[in-house]
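Each chain, written out:
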Amino acid sequence: MENMQAVNSFVAAYLKKKGFKEAEQLLEDLQNKESAPIDFHNDPDLAKFIHHFSQSEDDVAQYQDGYSKLRSWTYSSLDLYKHELLRVLYPVFIHSFMDLVAKGHLQEARTFFNAFHEDHELMHSRDLQKLEGVLSQSHLEEMEFGRSLRQNKVNIKICQYSYDLLLQYLHKTQSTAMLGVINEHINFQVTSVEPGSISDDTEVVTLIGSCQDAASLINQKEIHWGLLEDSLEERLEKEGGLLSDSEKTEAENKEGDVDDSKKRSVEGGKQGASTKKLKKDKAVNATAKSARPEAKPTPAAPRVKPELTLPVMSTEVEQSILEDLRNRVQLSSVALPSVSFYTFLNTHNGLNCSSISQDGSLVAGGFSDSSLKVWDMAKLGQQAGSSTLQGENDSTSSEHVAGPNGVKRSYTLFQGHSGPVYSATFSPLGDFILSSSADTTIRLWSTKLNANLVCYKGHNYPVWDVQFSPVGHYFASSSHDRTARIWSMDRIQPLRIMAGHLSDVDCVQWHANCNYIATGSSDRTVRLWDVQSGECVRIFIGHRSMILSLAMSPDGRYMASGDEDGTIMMWDLSSGRCVTPLMGHTSCVWSLAFSCEGTLLASGSADCTVKLWDVTTSTKAPKNEDKSGNPNRLRSLKTLATKSSPVYSLRFSRRNLLFAAGVLSKNV
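Definitions and cut-offs
Residues numbered from 1 in each chain as written. Predicted model: local features only at pLDDT ≥ 70, side-chain atom pairs only at ≥ 80, totals over all residues. Heavy atoms only, no water. UniProt positions renumbered as here; feature names shortened; annotations may be inferred. Helix = DSSP H or I, 4+ residues; strand = E, 2+ residues; numbered from the N terminus. Buried < 20%, exposed > 50% of the residue type's maximum accessible area, 1.4 Å probe, protein only. Contact = heavy atoms within 4.5 Å. Areas by Shrake-Rupley, 256 points an atom, 1.4 Å probe, with all protein chains shown as cover. Core = buried A, V, L, I, M, F, W, Y, C linked by side-chain atoms within 4.5 Å. Pairing = 2+ DSSP bridges. Axes fitted to C-alpha atoms, helices over the stretch in contact; angles between N-to-C directions. Salt bridge = Lys/Arg side-chain N within 4 Å of Asp/Glu carboxyl O. Expected span 1.5 Å × (residues − 1). Arc of directions from axis to C-beta.

Going by the annotation in an unreviewed UniProt entry, the name recorded for the chain is Transcription initiation factor TFIID subunit 5, with Gossypium barbadense given as the source organism. Word for word, the UniProt comment on the chain under Subcellular location (unreviewed entry) is "Nucleus".

### A closer look at the overall build of the chain
If you tally the helices and strands in the chain, you get 19 helices and 34 strands. Burial statistics for the chain: of 668 residues in total, 53% are counted as buried. In the chain, once contacts between residues fewer than 6 apart in sequence are set aside, the share between residues at least 24 apart is 60%. For the chain, the accessible surface area stands at approximately 30,200 Å², while carbon and sulfur atoms represent 49% of it.

### Looking at the nonpolar core
Counting 40 residues, the largest nonpolar core has Val92 and Phe97 as its most contacted members. For this core, the element with the most residues is helix α5 (residues 79-102), which contributes twelve residues. Not counting the four nearest positions on each side in its chain, Val92 is found in contact with Tyr67, Leu70, Met178, Val181, Ile182 and Ile186. Of all hydrophobic cores here, the second largest spans 17 residues; its members include Tyr474, Val508, Trp510 and Val531.

### Description of the pairing of strand β30 (residues 600-605)
Remark: a regular strand shows side chains that alternate across the two faces of the sheet. With six of its six residues buried, β30 lies for the most part within the structure. Residues Leu600, Ala602 and Gly604 of β30 are buried on one face, and the alternating residues Leu601, Ser603 and Ser605, pointing to the opposite face, are buried as well. In this structure, strand β29 (residues 589-594) lies alongside β30, joined through five bridges in antiparallel fashion. What sits directly across from Ser591, in β30, is Gly604. Connecting β29 to the next strand, β30, in antiparallel fashion are five residues, including Gly598 with a positive phi near 85°. Direction of pairing for β30 relative to strand β31 (residues 609-614): antiparallel, over a ladder of five bridges. Note on β31: the bridge partner recorded for Ser603 is Lys611.

### Notes on the UniProt feature "repeat: WD" (unreviewed entry) in the chain
UniProt records the feature "repeat: WD" (unreviewed entry) at residues 344-377, 414-446, 456-497, 498-539, 540-581 and 582-623, using the numbering of this structure. For residues 344-377, helix accounts for 0% and strand for 59%, while the C-alpha atoms at its two ends are 13 Å apart.

### A look at the sheet that holds strand β9 (residues 371-376)
Ordered by their spatial adjacency, four strands build an open sheet running β7-β8-β9-β12, and the pairing between neighbours is antiparallel. The outermost strands of the open sheet, each flanked by one partner alone, are β7 (351-356) and β12 (412-415). Across the sheet, the mean angle from the axis of one strand to that of its neighbour is 20°, orientation sign disregarded. Looking at chain direction, β9 and β12 are connected through four bridges and run antiparallel. Bridged to Lys373 within β12 is Leu413.

### Overview of the environment of Ser338
For Ser338, the location among the structural elements is in the loop between α18 (315-326) and β6 (339-345). Placed 318 residues apart in sequence, Ser338 and Asn656 show a C-alpha to C-alpha distance of 8.1 Å.

### Digging into the pattern of salt bridges
Applying the stated criterion to the full structure yields eight salt bridges. Glu535 serves as the salt-bridge partner of Lys221, at 3.6 Å between the closest nitrogen and oxygen. Here Lys221, found in the loop between α13 (212-218) and β4 (227-228), pairs with Glu535, found in the loop between β23 (525-530) and β24 (536-541); they are 314 residues apart in sequence, far enough to count as distant. Between Arg557 and Asp572 there is a salt bridge whose closest N-O contact spans 4.0 Å. Placement of the pair is Arg557 in the loop between β25 (547-552) and β26 (558-563) and Asp572 in strand β27 (residues 568-572), with a sequence separation of 15 residues. One network of salt bridges, with partners in common, ties together Asp324, Arg654 and Arg655.

### Digging into the pairing of strand β33 (residues 647-652)
Burial analysis of β33 places five of its six residues in the buried class, the great majority of the element. Pairing between β33 and strand β34 (residues 658-663): five bridges, direction antiparallel. Across the sheet, residue Leu650 finds its bridge partner in β34, namely Ala660.

### A closer look at α18
Given 3.6 residues to a turn, an α-helix orients residues that are three or four positions apart in the same direction. Taking 1.5 Å of rise per residue, twelve residues should cover 16 Å, and α18 covers 16 Å from first to last C-alpha, within 8% of that figure. All of the buried residues along α18 are Glu318, Ile321, Leu322, Asp324 and Leu325. Down the axis of α18, the buried set is contained in an arc of 155°. They therefore lie on one face. Facing away from the buried side of α18, by more than 90 degrees, are the exposed residues Thr315 and Glu316.

### Describing the sheet that holds strand β14 (residues 432-437)
Across the sheet, four strands lie side by side as β13-β14-β15-β16; this open sheet has antiparallel pairing. Strands at the two margins of the open sheet, each flanked by one partner only, are β13 (421-426) and β16 (451-457). Pairs of neighbouring strands in the sheet enclose a mean axial angle of 20°, with direction left out of account. Examined bridge by bridge, strand β15 (residues 441-446) and β16 share six bridges and lie antiparallel to one another. Bridge pairing links Ser446 to Ala451 in β16.

Encoded structure:
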């Protein structure tokens, strides 16, 4: 009887708390009418559960006790299933912590966090650092990371037997707190695959903004990933305008008036050996392209019509580009590129980003003091007295950029932003440069006039990245406001706004045909957007940390993305699936670039290395081919280490010379 009275009083209090006035009044009338507690369907189990729930609703000890027991049970499980069951602990831990904070039990939440956070330090240290700063309910509500976790489920891939074991444990222990957390915040993707074969899968634990089915539905949309009709490359292919290997090698040496010493900056004297290997390879194969897996002399990329109105190209520019394409050196796994590395000196930790023009003649740096600075590489080697660039007032600046021959140059200063500059990008011809800043604006500068031409306002928060389209004129930006935007140089308002990411959009990249843009976000997903409609046509799920860099293959079929943990993933745009993860970097991957024929991928990282990857092998080797360990993972051809310079940016020129830039750092 006492138990039933407690149940009735709890139900009445619950209805009042939730504002169900009519139900509360009805319950009160029934109680008065019968003069006795209501027996809920004469079901003792239901009454027992409600009574237990009423006692435990605000009982904070259930989280500590429930998680501790779940943790002990998981760690004592059979080794075959333990690694799968351990995946459940992290989302249960963070949501239990946030539940305690949300209910106002701040001291208990702190005790809970301190007791168990060390279990997850290795894999989730960055997330834990964010959560450690949550000291009140308002902090939880205001924090972007916390909101995205609360609003969206974590997707966990698990085998059937591990799933059954977990359900049996939860049923046996009747831990309502743990069951509630798992039911509300975890979406299990149960597979029939043996646990050993999915332990290394890239998609085992992911944060999903919508359910996996919704992402799969989006990924079924049709996309046209081919190249533009009547492009210069296609015209050149039809003409058969390819030079001999010796002519290409000679042309490469003349590229952009870059001297030999600069080209030997990283490769040194090994380039001669590479050239010999290239010639030997070409003796068997007419061109490097013929060795590609399609077994065709030219890529089988379909042709598509442009969705944007393309700018008209002058005859002079067209001829210049065609000359570059004719003189292009064909790269492969046995013919690696020459590399030119530019190092920023004495930046006093103020450099946020760098960019290199198409021919390597100009290098830009964006700084925390709101300035954008551009160095002219063509004037390297001139005497200091004649080195002052037009518009430069201070020729004795402490900040210089050094080319491979060690000569220091003054810079051209562009001032206009009122906050740190986070990104810069040169137009395809190098006559314009765009910069984005914490002041929420994007500025267009002329490298010919050394002046600011336009200030584009549209974002409401800092703009993390800006990128010119491959044809110029159009550009894309990404921001802390969780949107990406498409702009044209002649309009001050954006043409399209792409909204859908759950957190900051950290980087943006154009597709080769300019009909799509890709965006990488702190929500750990990459999205592909149709420029014409503004719709999301692909969601790529698999990264375990924020995405910092993107690159599109020249044939438009593949995309590479690099994240904060050093993982690079190669995606097939048609299917939306990860073709292969490329493991090797030990820190943030800040820059990615495909070679012009698409056979190589270069990656630049905070670990002070540039790595060259064999795209042909990585994208074509079957996943099940290697049963011995890490299947289809290590496709690195070469690692080029700097002395102490994290790599900020990479760029392949039209003639396939690789340019890289970084800052000399004493903290590395």
